[in-house]
Amino acid sequence: MIIIKRFLCILIVTMTGLNAYAQHSASELHIYHGNIRDLESLQRGASYFMNMCAGCHDLQYMRYSQMADAIGIEEYHLGSLMPPGSSMLNPMSNSMEDVDAARWFGVAPPDLSLVSRSLGNDYLYSFLTGFYADSNRPNGANNHYLENTSMPNVLWQYYEDGSEGPSIEVVATDLVNFLDIVGEPIQVYRQDLGVKVIGFLLLFLFIAYALKKEIWREVK
Ligand code: HEC
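Scoring rules and cut-offs
- Residue numbers restart at each chain and count upward from 1, following the sequence in its written direction.
- Whole-chain, interface and lining totals are the exception, using all residues; otherwise, since this is a predicted model, local features are given only for residues with pLDDT of at least 70 and side-chain atom pairs are given and counted only at 80 or more.
- Excluded from the side-chain calculation are hydrogens and water; included are all heavy atoms of the structure.
- What counts as a helix is a DSSP run of H or I of at least four residues, what counts as a strand is a run of E of at least two, and both are numbered from the N terminus.
- Summary of the burial criterion: residues with accessible area below 20% of their type's maximum are buried, those above 50% are exposed, and those between are partly exposed, where the area comes from a 1.4 Å probe applied to protein chains only.
- Methods summary: accessible areas were calculated by the Shrake-Rupley approach with a probe of 1.4 Å, and residue burial reflects only the protein chains presented.
- Near is defined per residue: the residue qualifies when any heavy atom it owns lies within 4 Å of the molecule or strand.
- Polar contact is the term for a pair of N or O atoms within 3.5 Å; when the atoms are in protein, one must be able to donate a hydrogen and the other to accept it, and sequence-neighboring residues count only if both atoms are side-chain atoms.
- By nonpolar core is meant a set of buried Ala, Val, Leu, Ile, Met, Phe, Trp, Tyr and Cys residues that side-chain atoms within 4.5 Å join together.
- The contact criterion used is simple: two residues touch if any of their non-hydrogen atoms lie within 4.5 Å.
- In this listing, donors mean N, O and S atoms no farther than 2.8 Å from the metal, or 3.2 Å for Na, K and Ca; water is missing from the atoms, so a site can look incomplete.
- Between 85 and 135 degrees for all angles marks four donors as tetrahedral; over 155 degrees for opposite donors together with 65 to 115 for all other angles marks four donors as square planar and six as octahedral; every other arrangement is irregular.
- Helix axes are fitted only over the stretch in contact, all axes being lines through C-alpha atoms; the angle between N-to-C directions runs from 0 to 180 degrees.
- For classification purposes, angles smaller than 35 degrees are called roughly parallel, those larger than 145 roughly antiparallel, those between 65 and 115 roughly perpendicular, and all remaining angles oblique.
- Handedness of a crossing is defined here by the sense of rotation of the near helix relative to the far one, left-handed for an anticlockwise turn of less than a right angle and right-handed for a clockwise turn.
- Residues are grouped as follows: Ala, Val, Leu, Ile, Met, Phe, Trp, Tyr, Cys and Pro are nonpolar; Asp, Glu, Lys and Arg are charged; all remaining types, including Gly, are polar.
- Think of it this way: Lys and Arg go in the positive column, Asp and Glu in the negative one, and His and the chain ends go nowhere.
- Between Lys or Arg on one side and Asp or Glu on the other, a salt bridge is scored when a side-chain nitrogen of the former is within 4 Å of a carboxyl oxygen of the latter.
- Here a patch means residues that are over 30% exposed by relative accessible area and free of salt bridges, tied together within 9 Å if like-charged and within 5 Å if nonpolar (Val, Leu, Ile, Met, Phe, Trp, Tyr).
- Stacked, tilted and edge-to-face are the three classes applied to pairs of Phe, Tyr and Trp rings, where Trp contributes its six-membered ring and a pair requires centres within 6.5 Å; stacked means planes under 30 degrees apart, edge-to-face means over 60, and tilted covers the rest.

Novice: How would you explain the overall build of the protein chain if you had to name every residue and give the values?
Specialist: When you go through the protein chain residue by residue, the secondary structure sums to nine helices and four strands. Taken from the N to the C terminus, the helices and strands of the protein chain come in the order α-α-β-α-β-α-α-α-β-β-α-α-α. A burial count over the protein chain gives 34% of its 220 residues as buried. Accessible surface, the protein chain: about 14400 Å² in total, of which carbon and sulfur atoms supply 61%.

Okay, structure coming up:
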């Protein structure tokens, strides 16, 4: 009985999760090709984030010092990535108050610490590259992936063809890369450890097999 109950609970939780996901992916997603081991991309992503997103969005589960670690820079190089007056040990939550934000935008900008895990990198990439001009919206922009979003297209300058600097695809990739590492800062370590553990198990399999052969040799 307990097992059935547990199964039902898991099913319900999974289905609500899928439902939340479905609401967010009305159109087909673009596939994001990023690499969390590319430290330069992570550093660019952090810098874009601090300059263009941090005014509205928090990363409340990340401290500046942890971010330095995750993107491969020394803490004393954090300077330009930290708002004046904040300490390295502060959580990255300097954005506006939710109440004010909700009044200005209708919706408070969500915390983005875990957004790569909840919405997925392909969705984030699609969302960031999916803005289009729409004069019916108060801020002049709409999004293919979040209809009538209240987020302005803060990346507009990268959308313009022929503009100097990187294209929107490159900027979005760096940003998603950064949000991915923020969502799980130890993932590179975890993956590396996984390879070592499997390597060890394979080696151990070989030793165990050789030992078994040796022990049973005389019995046969
Ligand atoms: C001017 C304030 C503002 C800035 C700057 C801003 N956002 Fe947003 N953002 C919002 C608001 C408001 C929402 C909620 C949108 C909604 O639900 O319609 C949002 C939502 C989001 C979402 C969630 C989308 C979803 O489908 O739920 C993501 C991801 C996001 N922003 C990423 C970013 C990134 C990355 C940047 C920097 C390039 C950025 N935002 C800059 C206001 C902002």
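Novice: Break down the site of the ligand for me, with residues and values.
Specialist: Inspection of the region around the ligand gives 23 residues, with Cys53, Cys56, His57, Tyr123 and Met151 positioned closest. In this structure, His57 approaches the ligand through a side-chain N or O atom, which is 2.8 Å from a nitrogen atom. Contacts to the ligand include Tyr123, whose side-chain N or O atom sits 2.4 Å from an oxygen atom. Broken down by secondary-structure element, the contributors of at least two residues to the shell around the ligand are α2 (39-53) and α6 (121-129).

Novice: Residues and numbers for the nonpolar core, please.
Specialist: Phe49, Leu59, Met67, Leu128, Leu155, Leu175 and Phe178 are the most contacted members of the largest nonpolar core, which has 44 residues in total. For this core, the secondary structure elements donating two or more residues are α2, β1 (59-63), α3 (64-70), α5 (115-119), α6 and α8 (168-183). Among the elements that line this core, the one with the most residues is α8, at nine residues. Every residue in contact with Phe178, bar those within four places of it in the chain, is listed here: Leu42, Gly45, Ala46, Phe49, Leu59, Met67 and Ile71.

Novice: Give a detailed account of the coordination of the iron atom of the ligand, specifying residues and quantitative values.
Specialist: Around the iron atom of the ligand, the protein contributes the donor atoms His57 (NE2) and Met151 (SD), which lie 2.0 to 2.1 Å from the metal centre. Note that the iron atom of the ligand binds six donor atoms; their angles at the metal cover 88 to 178 degrees, and the shape is octahedral. Residue His57 is found in the loop between α2 and β1, and its partner Met151 is found in the loop between β4 (141-143) and α7 (156-159); the two are separated by 94 residues along the sequence. Considered together, His57 and Met151 belong to a single accessibility category, that of buried residues.

Novice: Give me the packing of α6 against α8: which residues, what numbers.
Specialist: Closest axis-to-axis distance for the α6/α8 pair is 9 Å, and the angle between their directions is 140 degrees. Here α8 runs oblique to α6, going by the angle between their axes. In this structure, the crossing between α6 and α8 has a hand that is right-handed. Where α6 abuts α8, its residues Asn121, Leu124, Tyr125, Leu128 and Thr129 lie against Ile168, Glu169, Ala172, Thr173, Leu175, Val176, Leu179 and Asp180. The class makeup of the residues in the contact of α6 with α8 is eight nonpolar, three polar and two charged.

Novice: I'd like a rundown of the side chain of Arg137, residues and numbers included.
Specialist: As for its position among the elements, Arg137 is in the loop between β3 (131-133) and β4. Here Arg137 sits buried without a salt bridge, and the closest side chain of opposite charge, Asp134, lies 5.5 Å off (N-O distance).

Novice: If you had to explain a nonpolar patch on the surface to someone new, which residues and values would you point to?
Specialist: A surface patch of nonpolar side chains, amounting to about 1000 Å² of accessible area, comprises Ile186, Tyr189, Leu193, Val197, Ile198, Phe200, Leu201, Leu202, Phe204 and Leu205. Structurally, the position occupied by Phe204 is in helix α9 (residues 187-217). Residue class for Phe204 comes out partly exposed when judged on its relative accessible area of 49%.

Novice: Can you explain the packing of aromatic side chains? Please cite residues and give values.
Specialist: Evaluation of the coordinates by the stated rule reveals six aromatic pairs. Ring plane angle 70 degrees and centroid distance 6.0 Å describe the contact between Tyr48 and Tyr158, whose orientation is recorded as edge-to-face. With a gap of 110 residues between them, Tyr48 in helix α2 and Tyr158 in helix α7 connect regions that are remote in the sequence. Given a relative accessible area of 13%, Tyr48 falls into the buried group. With a relative accessible area of 14%, Tyr158 lands in the buried category. Measuring from ring centre to ring centre gives 5.4 Å for Phe127 and Phe131, while their planes differ by 55 degrees; the resulting arrangement is tilted. Since its relative accessible area comes to 6%, Phe131 is described here as buried. Every member of this aromatic cluster is reached through a ring pair, and the members are Tyr123, Phe127 and Phe131.

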